[in-house]
Amino acid sequence: MAERRSGAAEGLARLSEWADAHLSLLRVTGLTSKFTSALDIPVEFVEKNVKLRGKLHHITEKGLEVEHIPISIPFITSIQRKWQSKGLLLVRLAGVELAPSGTAWLQQELKPKQMIWFQLLGREDLALECLVLVNKGRFLSMCLNEEILRQGLGRTARIEGLHHDSRLYWKLHKRLLRAELKALKKNKGIWKEESYSERIRDRMSNNKFVQTLRQFVSWLRSSIQR
């Protein structure tokens, strides 16, 4: 009987040691910490392009305001909630220059409190440059960076935070360019508007009355200068 108690106590002690070791590791790596500011996120997270989970709160012209949701561990999480500060992360779509119609599309497509994943690519001041993913069904996800470009609701831009000559930079940049090319070929979004305005300019430049008017203005300017 005493041996059984001793064995149980020893097993409990080992379990406690294992839990302490793993919880310490989680605390060190910050996986259980709730980030309320971009400056709270360790540099290693950004350099290793860690993927974080969050709850969407607001969509503005500056980006997505997201509440970070850390890894949940029973008992530990309930204790942490008592002293965790409140704050939202500003998440921007990396490699994308949003058009006003893009912001409006995000506001219609995404729901308040919706869960999203954002992969860290860079940090600029108080903003995070990320690839943003949302679940579409049980096994599918959609990258908002690519979808915005695919719909013609923005343009490709430099991916801030990544080295321009890195393999990851060009891998992601090619993905974004391919998405933008699809919108361009189909004249979607801003490309439809631009193609129409270009046609108007071409017609105006080829119009005989406009050409005659330009010649008259040119002659008038030269006469005044004399």
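Where an unreviewed UniProt entry is consulted, the protein chain appears under the name Protein C3orf33, with the organism given as Aptenodytes patagonicus. In the Subcellular location (unreviewed entry) part of its UniProt record, the protein chain is described as follows: "Membrane".

**Student:** Explain the nonpolar core here, please?
**Tutor:** Taken as a class, soluble globular proteins show a tendency for nonpolar side chains to be buried jointly. Within the largest apolar cluster, 40 residues are counted, with the highest numbers of intra-cluster contacts made by Ile41, Leu64, Leu106, Phe118, Leu120, Val132 and Leu144. If one sorts the elements of this core by residue count, strand 6 (residues 127–135) sits on top with six residues. In this structure, Leu64 is in contact with Leu56, His58, Ile59, Leu89, Leu90, Val91, Leu106, Ile116 and Val132, ignoring residues within four places of it in sequence.

**Student:** How do you make sense of the environment of Thr36 when you look at a structure like this?
**Tutor:** If you trace the backbone, Thr36 turns up in the loop between helix 1 (2–29) and helix 2 (43–47). The sequence separation of Thr36 and Lys86 amounts to 50 residues, and the corresponding C-alpha distance is 6.2 Å. Reaching out from Thr36, the side chain makes a polar contact with the side chain of Asp40 at a distance of 3.3 Å.

What counts and how
Residues numbered from 1 in each chain as written. Predicted model: local features only at pLDDT ≥ 70, side-chain atom pairs only at ≥ 80, totals over all residues. Heavy atoms only, no water. UniProt positions renumbered as here; feature names shortened; annotations may be inferred. Core = buried A, V, L, I, M, F, W, Y, C linked by side-chain atoms within 4.5 Å. Buried < 20%, exposed > 50% of the residue type's maximum accessible area, 1.4 Å probe, protein only. Helix = DSSP H or I, 4+ residues; strand = E, 2+ residues; numbered from the N terminus. Contact = heavy atoms within 4.5 Å. Polar contact = N/O pair within 3.5 Å; in protein donor to acceptor, adjacent residues only side chain to side chain.

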